[in-house]
There are 2 protein chains.
Amino acid sequence: MNSKNFSKHSEINTVKIDDTFWNKVFETVRKDVIPYQYLALQDKIDNAEKSYCIENFIKAGKVCEDIRKGIEPATYPVDRWQYDENNSDKNAFHGWVFQDSDVYKWIEAVGYSLQNHPDKELENKANEYIDIICEAQLESGYLDTLYIINDRNKVFSNLKDHHELYCFGHLAEGAISFYNATGNRKLLDTACRFADLICRTFCEDKIKGYPGHEIAEMALVKLYEATGKKEYLRTAKFFIEERGKKPYYFDMERGKETVNDNYHYNQAHIEPKYQTEAVGHAVRGVYLYAAMADIAKAYNDAELFNACKSIWDNIENKKIYITGGIGVTVDGEAFSFDYDLPNDLAYAETCASIGLIFFARRMAECEINSHYADVMERALYNTVLSGMAEDGKSFFYVNPLEVLPIASKVDSRKKHIKPVRQKWFSCACCPPNLARLISSINEYIFTESDSTIYVNQYIGNHMTSDKADIHIKSSYIDNGKVSLSVKVNKPFVLALRIPGWCDQYNISENYKIENGYAFIAIKESCTINAEFVTEIKMIKCSNKVRANIGKVAVTRGPIVYCIEEADNGKNLQLLKLSNKPNFIYKDGNISADGFREQEDSALYSNYTSPNFEECNIKFIPYYQWGNRTENEMSVYIRI
Amino acid sequence: MNSKNFSKHSEINTVKIDDTFWNKVFETVRKDVIPYQYLALQDKIDNAEKSYCIENFIKAGKVCEDIRKGIEPATYPVDRWQYDENNSDKNAFHGWVFQDSDVYKWIEAVGYSLQNHPDKELENKANEYIDIICEAQLESGYLDTLYIINDRNKVFSNLKDHHELYCFGHLAEGAISFYNATGNRKLLDTACRFADLICRTFCEDKIKGYPGHEIAEMALVKLYEATGKKEYLRTAKFFIEERGKKPYYFDMERGKETVNDNYHYNQAHIEPKYQTEAVGHAVRGVYLYAAMADIAKAYNDAELFNACKSIWDNIENKKIYITGGIGVTVDGEAFSFDYDLPNDLAYAETCASIGLIFFARRMAECEINSHYADVMERALYNTVLSGMAEDGKSFFYVNPLEVLPIASKVDSRKKHIKPVRQKWFSCACCPPNLARLISSINEYIFTESDSTIYVNQYIGNHMTSDKADIHIKSSYIDNGKVSLSVKVNKPFVLALRIPGWCDQYNISENYKIENGYAFIAIKESCTINAEFVTEIKMIKCSNKVRANIGKVAVTRGPIVYCIEEADNGKNLQLLKLSNKPNFIYKDGNISADGFREQEDSALYSNYTSPNFEECNIKFIPYYQWGNRTENEMSVYIRI
């Protein structure tokens, strides 16, 4: 850990995206995704699964009003994860226990969007929701609609399974984003009141518990950075230090001992500083690991950082799909064992790849190592982008690497794998998470230390900082070319990441390579041109991964490609690439010469060398799959 | 259907096995499996899952006694599939709803064993259980311990999920076997009393229901053949005719309509005569299909037989593993969609392959086509034999084609796949089913018509019949050679099956090939020598099966081989056969020259042709896998 290299306080002031590739995605999120989700949160999308999110806040607001008036509100059970119209009183809470977080993520996305593109109408819509949310806060500062509506006496009694601290985390992150965009403190003050209650409640001489679903840790660090209130940082550290200690808090809370799994699902099996492997529910995992990196950096804690490094290495080298997907198994939406990366059973939740980007950015802020930004890029351009339809109106929760539609329909082992994007989900964590990540993509381009600005992602933008203003013009995705116009305010070092996928590059200034970055001393204003030669590549997966032996994936720059039935016919397993294919790149797609094995008829027959016909194979970017029709898809192809 | 070719009444009198390969298996079943299961049924095996089977009969016997004495017995719920010590009163029924069937299957196995090898001690043990069983029958003839112990007023109220008719089926089959072996009618009379009640209860003007788990149909046909009582055959036909009619009986019984699946699980979605595809729970399926063939033959019903043919073709050409395993998916222990034959997720229950043998034998009795006996052989020598350890003391319920032990331990998607055989199962249908199938293997060797004796399996035996006495000496498994000494009683035609796996054969007499059999006119006593040239073969699976593309399985005669970690090291996926390997067969095992891909380290890297080292690959018979230690196993290997 060399966090001393990194500034505690950013000298970067603004980063405004202007990029041929990303402008379109941004606009889709701003014009389509965010307005669509505004309606979805109020259950105004036809034929979509119900959210109940705003409905719950309105109900909770009424409860608060009743309490102020001295009216005793009704109570309802709080014994489940999900409450729908069939199993709950109509006046009770509805939806999943974490439903509140959806509007918070939506507000966070709105905040980022407004920072890039002011939009009074959108700001008003957010304020409308903020008013509803703030009405639902109890006098104590407590804010979670499940418990406010259903049973005020039971708050914080089921940290393991319920999501009060998780919802708080999203509240804080949303509030900070909106405050940064608008200067409006209303939601931020609400978040701080809840944070204050949490800091009073969870501490050495009160409840020594910690979140069942992590994120509050990361959010408290952010809230500390936004407000300067040290107590928030200390509580984040407290949560991480208490986690996994024996006797288990979750055992005490439940009044019984866990059997077998010892809370691996919640990463609470041992203390984080002793963890070496990514385990359990993947989104929870990466949210925790990101916070561990935050705390390691804030307290210069080498032991905790070493745990982060171990976990990172485990993910990067043994538990990540080529698409940046993590959390292989539907069973607990969880990490699996090393090298278990099946294509057709993949879970690879969109949120998990988003969380991995959070973890990666924080690691990049702790240590100069281009791998962090490489993984960030892998996740961003493949699994994250795949999570959203081109029109921004449907979403993938699960991101498989091989799809056979009939299997998803008739085979319960694959029912989590949807062959087409869905309009909404009752458990709708992914769509608003996507909106907030894409809207804040400007935060992932640079990291900085006292002397150096690191360029991690080659996304076109105008950046202003105390050191320099940098205008990046990028056609990185198209041809690997980047031009950086630097207007120097004071001498500094510019460090350009050499992408992990790139074997050959040219940079127009003198540079020195270290830890995967080209370091360039900048004394005066200049324009730097860099070209990362973008070849079409065949990538081999480790032969420890059983599913991919004898196969390759085709990539170009950071983009992973796939084959679809719409272009290549049924039975994609019959296709085979030449050993040295003649690849042609055109309009973002790739074609190659290859072979198609002739379909046979007998189920079992004496082996003879298969017959192949020459054919042309068309590849499209993985993130575009499933945008035409329900059909077969595969990332890997035989060679 | 050319059932007119087949005798209604067998002219075959006795078939006594004497075979180098099977004698050992027989002796294991007689000396180890049957005595072991005798103890298991009484819960006298340490560290094995509990059966409760005999315990339930004793409890039910007490209830019957109380009723006779005018004492009103207690009642307990009958609302579940499984009742264990934690969720039931100690005086109530325990175990699964179908637990009675285990002792019936055991008695059936004992009966077959006694026919081949009289054993007074074993006969006494069976009589001891028979006495306990007969004490548990109600005056009405009803006999199912779940309802007798728990609630007499609710009998036959849940045909869909409960197993009264299923248990009856096994009772009848066990009773017939024991009667044939010993002439002792006690259990047969009990079975007939229950059958009479069933015939009175299920008919046009009473309950128009049918079994949720089929087998009663097949058993009633057998009971008709054993007793000559036509009513049994008519009731079997009634069950098949009522099945799947709308409105669904199961809907009426449950008082609500089924949603989505329409009873595919129970093969009750449409009338059997209109069914064309194998669907739903595989064991239920093949038990139904076997009975459909029985009824088609008995009533010369071409429409029903055509349904059987369609379903057979669907299984043989699209839904069977090379090992004879069927019922691919753990989800409902069911058939999956065409060509869905994953190796590492296979269910392939031992009982399903046993049921497939029942179906195959009945088809072979309806139509001259060697495919039926081919499939019977495939299932018998691979999945069925694999179901039992060499010492007869542990068993596989599930028979995968690829095993990675860590996956079975940590991955819930594969938790049904046990890397070692289990001592017993709470749901212990397979071990006693295995015992009864193996003990009755003599019934699967011949079929006959008025003029012809068909030899379907080349298992050494002494057979006596009205046409001829035939002594088969066989080293079929070892070298494909068979010698048949025929002592003619009257001229007839002998039809020798040409095994589907055999490309070259020699038969010492003149013959004519038709429908996969060599027909030889026999006028006088003679000895016929046949050799089915037994090569080691590489078998290709259809390229519509995604899991096996680019791979082969190695076979020799009917035996499918596999590779194990114990012989070939970890990471079996790294092994690759030469295109024309030099196979060596020794002591039942096979070795071949091949290659081992060097293990790589990077998870993702630029594709280069993999490096291989030459190596020797050892194959063992699939049925022997998992007999040494917990380890990796694979049937398919890259080529």
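As a starting point, this report considers the structure included with it. Within every chain, residues take consecutive numbers counted from 1 along the sequence as written. Chains carry letters and ligands carry numbers; both start at the beginning, A for chains and 1 for ligands, and go up in the order they are written. In keeping with the model being predicted, local features are shown solely for residues with a pLDDT of at least 70 and side-chain atom pairs are shown and tallied solely at 80 or more, while totals for entire chains, interfaces and linings include all residues. Think of the side-chain values as coming from all heavy atoms in the structure, minus any hydrogens and water.

With respect to the sheet that holds strand E11 (residues 505-507) of chain A
Residues and elements named next belong to chain A. Short version of the rule: At least two DSSP bridges between two strands are needed for those strands to be called paired. Going along the chain from the N terminus, every DSSP run of H or I of four or more residues is numbered as a helix, and every run of E of two or more is numbered as a strand. Between N-to-C directions, angles span 0 to 180 degrees; the directions come from axes that are lines fitted to C-alpha atoms, helices contributing only their stretch in contact.
Here six strands make up an open sheet; going across it, the order is E1-E7-E8-E9-E14-E11 and the pairing antiparallel. If you trace the sheet from one side to the other, it starts and ends with strand E1 (12-17) and E11, each paired once. For this sheet the average axis-to-axis angle between neighbouring strands, irrespective of direction, equals 10°. Both E11 and strand E14 (residues 526-532) contribute to a ladder of three bridges, which runs antiparallel. Following the sheet pairing, Asn 506 is matched in E14 by Glu 531.

A few points about the environment of B:Ala495
Residue and element names in this part refer to chain B. Defined as follows: The contact rule is simple, with two residues in contact once any of their heavy atoms fall within 4.5 Å.
On the secondary structure map, Ala 495 appears in strand E10 (residues 492-497). Taking the C-alpha atoms as reference points, Ala 495 and Ala 379, separated by 116 residues in sequence, lie 22 Å from one another. Setting aside its immediate chain neighbours within four residues, Ala 495 contacts Thr 452, Ile 453, Tyr 454, Val 455, Tyr 517, Ala 518 and Phe 519.

Thoughts on the sheet that holds strand E6 (residues 452-455) of chain A
All names here are of chain A. Read from one edge of the open sheet, five strands run E5-E6-E10-E13-E12, paired in mixed fashion. With one partner strand each, in any of the chains shown, strand E5 (446-448) and strand E12 (512-514) form the two edges of the open sheet. Averaged over all pairs of adjacent strands, the angle between strand axes in this sheet comes to 25°, irrespective of strand direction. Examined bridge by bridge, E6 and strand E10 (residues 492-497) share four bridges and lie parallel to one another. Each residue of the ladder has a partner; that of Thr 452, found in E10, is Val 493. Sitting on the sheet, helix H14 (residues 370-386) touches E10 and strand E13 (517-522), and the angle it makes with E10 is about 50°.

Some details on the interface of chain B and chain A
The cut-off we apply is this: Buried area: the sum, over both parts, of the accessible surface (1.4 Å probe) that disappears when the two are put together. Salt bridge, as applied in this entry: a Lys or Arg side-chain nitrogen positioned within 4 Å of an Asp or Glu carboxyl oxygen. Under this definition, polar contacts are N or O atom pairs within 3.5 Å; protein pairs additionally need one hydrogen-donor-capable and one acceptor-capable atom, and for neighbouring residues in sequence, both atoms have to be side-chain atoms. When residue character is reported, Ala, Val, Leu, Ile, Met, Phe, Trp, Tyr, Cys and Pro are called nonpolar, Asp, Glu, Lys and Arg charged, and the others, Gly included, polar.
Contacts between the two partners involve 62 residues from chain B, matched on the other side by 62 residues from chain A. Buried area between chain B and chain A, both sides added, is near 5,000 Å², and the carbon and sulfur share of it is 53%. The interface formed by chain B and chain A holds eight salt bridges in total. Residue A:Arg413 is joined to B:Asp340 by a salt bridge in which the shortest nitrogen-to-oxygen separation is 3.0 Å. Taken together, chain B and chain A are joined by 34 residue pairs in polar contact (both at pLDDT 80 or more). Every element with two or more residues in the side of chain B that touches chain A is listed here: helix H12 (302-318), helix H15 (405-410), strand E15 (536-541), strand E21 (604-606) and strand E24 (636-638) of chain B. When grouped by side-chain class, the residues that make up the side of chain B that touches chain A number 27 nonpolar, 16 polar and 19 charged.

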